[in-house]
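A closer look at the structure
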Amino acid sequence: MPFARISLARGKSRDYLRALSDQLHAALVESFDVPPNDRFQVIHQHDQDDIIFDPHYMDMDRSADLVYIALTTGKPRSTETKKRFFQTLARRLEANPGIRPDDIMVIISTSRRDEWSFGKGLAQMLEGATEEDIS
Amino acid sequence: MPFARISLARGKSRDYLRALSDQLHAALVESFDVPPNDRFQVIHQHDQDDIIFDPHYMDMDRSADLVYIALTTGKPRSTETKKRFFQTLARRLEANPGIRPDDIMVIISTSRRDEWSFGKGLAQMLEGATEEDIS
Amino acid sequence: MPFARISLARGKSRDYLRALSDQLHAALVESFDVPPNDRFQVIHQHDQDDIIFDPHYMDMDRSADLVYIALTTGKPRSTETKKRFFQTLARRLEANPGIRPDDIMVIISTSRRDEWSFGKGLAQMLEGATEEDIS
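Small disclaimer: the values here were computed from a predicted structure and weren't measured. (Residues numbered from 1 in each chain as written. Chains lettered and ligands numbered in written order. Predicted model: local features only at pLDDT ≥ 70, side-chain atom pairs only at ≥ 80, totals over all residues.)

**Observations regarding the sheet that holds strand β2 (residues 40-46) of chain C**
Our working rule: Pairing between strands requires that DSSP locate at least two bridges from one strand to the other. Numbering of helices and strands runs from the N terminus, with a helix taken as a DSSP run of H or I at least four residues long and a strand as a DSSP run of E at least two residues long. Contact criterion: two residues are in contact if their C-beta atoms, reconstructed from the backbone, are within 7 Å. Angular values range over 0 to 180 degrees, each being the angle between N-to-C directions of two axes fitted as lines to C-alpha atoms, with helices fitted over their stretch in contact.
Spatially, β3(A)-β2(C)-β1(C)-β4(C)-β5(C)-β6(B) is the arrangement adopted by the six strands of the open sheet, whose pairing is mixed. Edge strands, defined here as strands with exactly one partner in the open sheet, are β3 (51-53) of chain A together with β6 (116-117) of chain B. Note: strand β4 (residues 67-73) of chain C against strand β5 (residues 104-110) of chain C, seven bridges, orientation parallel. Bridge pairing links L71(C) to I108(C) in β5(C). Here helix α2 (residues 79-95) of chain C sits on the sheet in contact with β6 of chain B together with β5 of chain C, set at roughly 145 degrees to β5(C).

**Observations concerning the interface of chain A and chain C**
Each partner contributes residues to the interface: chain A has 35 residues there, and chain C has 28 residues. Where the side of chain A that touches chain C is concerned, the elements lending two or more residues are β2 (40-46), β3, α2 (79-95) and β5 (104-110) of chain A. For the side of chain A that touches chain C, the element with the highest residue contribution is α2(A), accounting for eight residues. One ladder, built from three bridges, connects β3(A) with β2(C); its direction is antiparallel. Opposite I51(A), over in β2(C), you have V42(C) as the bridge partner.

**Structural notes on the sheet that holds β2(A)**
Read from one edge of the open sheet, six strands run β3(B)-β2(A)-β1(A)-β4(A)-β5(A)-β6(C), paired in mixed fashion. A single partner strand is all that each edge strand has here, and the edge strands are β3 (51-53) of chain B together with β6 (116-117) of chain C. Here α2(A) sits on the sheet and contacts β5 of chain A together with β6 of chain C; the angle it forms with β5(A), its principal contact strand, is near 145 degrees.

**Here we look at the relation of the copies chain A and chain C**
In plain terms, the rule: Our superposition of the copies is a least-squares fit, built on the C-alpha atoms of residues whose pLDDT is at least 70 in both.
Structural alignment of chain A on chain C gives an RMSD of 0.0 Å, achieved by rotating through 120 degrees and translating 0.0 Å along the axis. Seen this way, the second copy is the image of the first under a three-fold rotation axis. In this assembly, only 6% of the residues forming the interface of chain A have copies in chain C that are likewise at the interface, indicating a heterologous arrangement.

Keep in mind these values describe shape, not function.
Structure (structure tokens):
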């Protein structure tokens, strides 16, 4: 259910993009409590000049390979879970396709269970929802 | 006031994209309590390989025509309103431009009234806002 | 820490885009309490027909130069701060690169401190976070 919007500069190979997509999803499954088949992502390929960043903020050494990963998720997760996910993601992307951990920026936004439709005009996440999920 | 970010694979005709835009807006007006002139959308056209999804999660049969519709809205709506909107949207997009309901994925995010500027450097949604809208 | 996603029609010069990026960042620093090195933006260049808007809603006179600025921020700001930011941004973008204030639309979304990783797999904004930031 997290929906991932990935932004990076144009020019990477299809293998690179596929590994990025695969490893992001694997990190979500491993550390973010996401079912294996719950995979929804888009990749935005930008002109290099349209990926704008400070190279050193927060003590990083960012390069032209910077990747922005913006996740929208439909249920809250604990701070510990989020921290573990960030670590898992950095480890996995460093291994394959070989993205330096300084070049991985992640922004999570949390919406509500009743704000997702996975198709057929239904609000699937309300199945089994508790009272507090419904307004 | 919902701002819609639509992502789909490149290659659809301008008529198709226009119908998608029109029917999304009509569904917002019909079922989401949106004024007819309150229309703000962007369409992202991606390489087909950059639209990534599980074909069957949540019992769907998704195809290369999958459309991601990410809405940001500035005021809360009830679960009933959201459910009605999902249904209306699926019905309308199936009729025109002919998108199968399994290929329509919607993600709503709700921000606050004071987080919108419609132009001129003003926060227009604060007009008539109640105390709880202001921090 | 705000992450800015800028959408506009393709065809502007690199100088125009650079000024837009610079002035947006300067407005964040001036009025939104953002450190000067905390700069993270992407620009999406769309087909003109994929930037969709009502020309007059909320008493504006919008043109083909419309810019959507979607900001995700990691900590709450007061309504007064947001209002000041909208004004500063409109003033700055009007001066350079010369965007009419009617053509500047801003949507802010607020996520949580533990939802950001600036690299190295860490959740940097938790440093110095208070108890209420952690779940």
